[in-house]
Amino acid sequence: MQLTRHPPWLVKRFYNTEGFYRMKETLKQYGLRTVCEEALCPNMSECFSQGRVTFLILGTRCSRRCNFCFINAGEGDLSQEEELKSIVAIVQQLRIRHLVITSVSRDDLADKGACHFARVVKEVKAIRPEATIETLIPDFGGEEKLIGLVCRSGVDILNHNIETVPRLYPQVRPQADYAISLKVLRIAGNFGGLTKSGIMLGMGEGEGEVIEVFKDLRKAGVDILTVGQYLRPARDNLEIKDFIPPERFAFYREVAYNIGLKYVLAGPFVRSSYGVEEIIRNLKGGQMKTRLMER
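We now turn to the structure provided with this report. (Residues numbered from 1 in each chain as written. Predicted model: local features only at pLDDT ≥ 70, side-chain atom pairs only at ≥ 80, totals over all residues. Heavy atoms only, no water.)

Observations concerning the overall build of the protein
Piece 1. A count of helical and extended segments in the protein gives eleven helices and eight strands.
Piece 2. Computed over the C-alpha atoms, the radius of gyration of the protein is 18 Å, within 12% of the 19 Å expected from 2.2 N^0.38 for a compact globule of 295 residues.
Piece 3. Put simply, the protein has 295 residues, and 55% of those count as buried.
Piece 4. Long-range contacts, defined as pairs at least 24 residues apart, comprise 75% of the intrachain contacts of the protein with a sequence gap of at least 6.
Piece 5. For the protein, the computed accessible surface area is about 13200 Å², with 50% contributed by carbon and sulfur atoms.
Piece 6. Within the protein, the 36 negative side-chain charges are centred at a point lying 3 Å from the centre of the 42 positive side-chain charges. (Helix = DSSP H or I, 4+ residues; strand = E, 2+ residues; numbered from the N terminus. Rg over C-alpha atoms; globule rule 2.2 N^0.38 Å. Buried < 20%, exposed > 50% of the residue type's maximum accessible area, 1.4 Å probe, protein only. Contact = heavy atoms within 4.5 Å. Areas by Shrake-Rupley, 256 points an atom, 1.4 Å probe, with all protein chains shown as cover. Lys, Arg positive; Asp, Glu negative; His and termini not counted. Charge placed at Lys NZ, Arg CZ, Asp CG, Glu CD.)

Here is the structure:
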């Protein structure tokens with residue numbers, strides 16, 4: 001059954017603020033793309049209002065086709081040099097304290113884009129060392145050398161999303177591999193930094209399957225887990241099979257903590273790059289575990 005009408009708990013407030021429009025105009029000025037805009041994120045106005053942004057590097061021409069994704073190949077993508085200079089300029093101009101850097105998959109590049117990820121992190125840290133940086137990386141084919149380039153760049157959190165349960169990979173991520181994604185997270189964890197992963201619910205997964213994913217992520221050494229509701233961005237994308245109520249997210253949050261995940265963000269509007277500042281504050285405060293509630 002196709003679900004189109006959103007339930008009451010999926011109505012998101014729009015933040016009509018000066019900060020939101022300043023971020024929009026600055027991004028337009030520098031020609032930078034963000035996942036926030038490309039993926040029609042429901043949290044965009046809130047995050048932009050608070051100076052949070054997820055930069056999309058390496059253009060928009062993805063070498064894969066995930067059926068939940070809404071990033072369309074655009075004309076006039078910036079060169080890597082232009083991307084780098086523009087991101088550094090925006091971080092300085094808006095005095096951004098925390099930023100997320102992600103990309104489409106670039107299997108067509110020899111290094112799959114890993115060197116550019118590392119360079120962006122290093123350049124931002126050089127001009128604003130107090131800023132915290134999360135990289136949300138593709139799987140880089142599971143190559144340890146490429147994953148290591150990003151992990152050694154000075155990044156604070158290395159994120160790679162598992163996205164869904166293994167059974168649904170052929171429908172959701174037909175060119176990806178569940179085992180490779182777990183391998184990426186294990187390798188990243190071996191470098192000693194914080195690792196993070198996320199899963200979307202509402203694609204037809206079963207409760208037991210979700211819990212098994214939590215266990216696999218824990219075995220892979222993942223520190224931070226995000227659990228959110230899949231929202232269909234366009235008619236060409238996968239249909240929503242279920243709207244997960246807030247109490248079910250609360251249940252999954254407790255299950256994940258009981259399994260041993262250290263930090264869990266779970267809720268209808270939780271996205272993979274959402275709310276990490278609270279985790280960083282708790283880490284700086286010396287807390288080893290916090291029960292972060294959805295916003």
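Some details on the pattern of salt bridges
Piece 1. What the rule picks out here adds up to 18 salt bridges.
Piece 2. Between Asp108 and Arg106 there is a salt bridge, with the nearest N and O atoms lying 2.8 Å from each other.
Piece 3. Between Lys196 and Glu134 there is a salt bridge, with its nearest N and O atoms 3.1 Å apart. Of this pair, Lys196 sits in strand β6 (residues 194-201) while Glu134 sits in strand β4 (residues 132-136), and the two are 62 residues apart along the sequence. (Salt bridge = Lys/Arg side-chain N within 4 Å of Asp/Glu carboxyl O.)

A short note on the sheet that holds β6
Piece 1. Strand order in this open sheet of eight strands is β1-β2-β3-β4-β5-β6-β7-β8, and the pairing throughout is mixed. Across the chains shown, the open sheet's two edge strands, defined by having one partner strand only, are β1 (33-34) and β8 (263-266).
Piece 2. Of the strand pairs in this sheet, strand β5 (residues 157-159) and β6 are connected by three bridges, and their pairing is parallel. Within β6, the residue paired with Asn159 across the bridge is Lys196.
Piece 3. Sheet strands touched by helix α9 (residues 207-219): β6 and β7 (224-229). Its angle to β6, the strand with the most contacts, is close to 170°. (Pairing = 2+ DSSP bridges. Axes fitted to C-alpha atoms, helices over the stretch in contact; angles between N-to-C directions.)

Structural notes on helix α10 (residues 246-259)
Piece 1. Along its 14 residues, α10 runs 20 Å from first to last C-alpha, staying within 8% of the 20 Å computed at 1.5 Å per residue.
Piece 2. Those residues of α10 lying buried are Phe249, Tyr252, Arg253, Val255, Ala256 and Tyr257.
Piece 3. Buried-residue contacts for α10 involve β6, α9, β7 and β8.
Piece 4. Two residues or fewer past α10, Gly260 is found with a positive phi of approximately 125°. (Expected span 1.5 Å × (residues − 1).)

Comments concerning the environment of Arg64
Piece 1. Relative to the assigned elements, Arg64 resides in the loop between β2 (54-57) and α4 (80-94).
Piece 2. For the pair formed by Arg64 and Asp107, sequence separation is 43 residues and the distance between their alpha carbons is 8.2 Å.
Piece 3. A polar atom in the side chain of Arg64 sits 2.8 Å from the side chain of Asp139. (Polar contact = N/O pair within 3.5 Å; in protein donor to acceptor, adjacent residues only side chain to side chain.)

Examining the nonpolar core
The tendency in soluble globular proteins is for nonpolar side chains to be buried as a group.
Piece 1. In terms of nonpolar packing, the biggest core is built from 39 residues, with Ile162, Ile199, Leu201, Phe214, Leu217, Leu225 and Val227 touching the most fellow members.
Piece 2. Those elements that place two or more of their residues in this core are α7 (169-172), α8 (178-190), β6, α9, β7, α10 and β8.
Piece 3. When sequence neighbours within four positions are dropped, the list of residues in contact with Leu217 reads Ile162, Leu182, Leu185, Ser197, Val222 and Leu225.
Piece 4. Ranked by size, the runner-up nonpolar core spans 36 residues in total, among them Leu99, Leu146, Ile147 and Ile187. (Core = buried A, V, L, I, M, F, W, Y, C linked by side-chain atoms within 4.5 Å.)

What about the packing of aromatic side chains?
Piece 1. Counting across every chain of the model gives seven aromatic pairs.
Piece 2. Ring geometry for Tyr169 versus Tyr178: centroids 5.7 Å apart, planes at 90°, classification edge-to-face.
Piece 3. Following the ring pairs from residue to residue traces out a cluster consisting of Phe14, Phe20, Tyr21 and Phe48.
Piece 4. One Lys or Arg, Lys12, reaches over the ring of Phe269 and ends 5.0 Å from the middle of that ring.
Piece 5. One Lys or Arg, Arg13, reaches over the ring of Tyr15 and ends 4.0 Å from the middle of that ring. (Phe/Tyr/Trp six-rings, centres within 6.5 Å; stacked < 30°, edge-to-face > 60°. Lys NZ or Arg CZ within 6 Å of the ring centre and 35° of its normal.)

Describing the pairing of β4
Piece 1. Counting buried residues in β4 gives five out of five residues, a clear majority hidden from the surface.
Piece 2. Neither face of β4 is open: one carries Thr132, Glu134 and Leu136, the other Ile133 and Thr135, and all of them are buried.
Piece 3. Pairing between strand β3 (residues 98-103) and β4: five bridges, direction parallel. Note on β4: the bridge partner recorded for Ile101 is Thr135.
Piece 4. Running through helix α5 (residues 114-127), the crossover from β3 to the neighbouring parallel element β4 is right-handed. (Right-handed = clockwise from strand over helix to strand, strands pointing away.)

Observations regarding the state of the cysteines
Piece 1. Enumeration according to the criterion identifies zero disulfides in this entry.
Piece 2. For Cys115, which is in no disulfide, the shortest distance to another cysteine sulfur is to Cys151 and amounts to 13 Å.
Piece 3. According to the relative accessible area criterion, Cys115 is partly exposed, its value standing at 40%.
Piece 4. By relative accessible area, Cys151 is classed as buried at 16%. (Disulfide = S-S within 2.5 Å.)

Just geometry here; none of it tells us what the structure is for.
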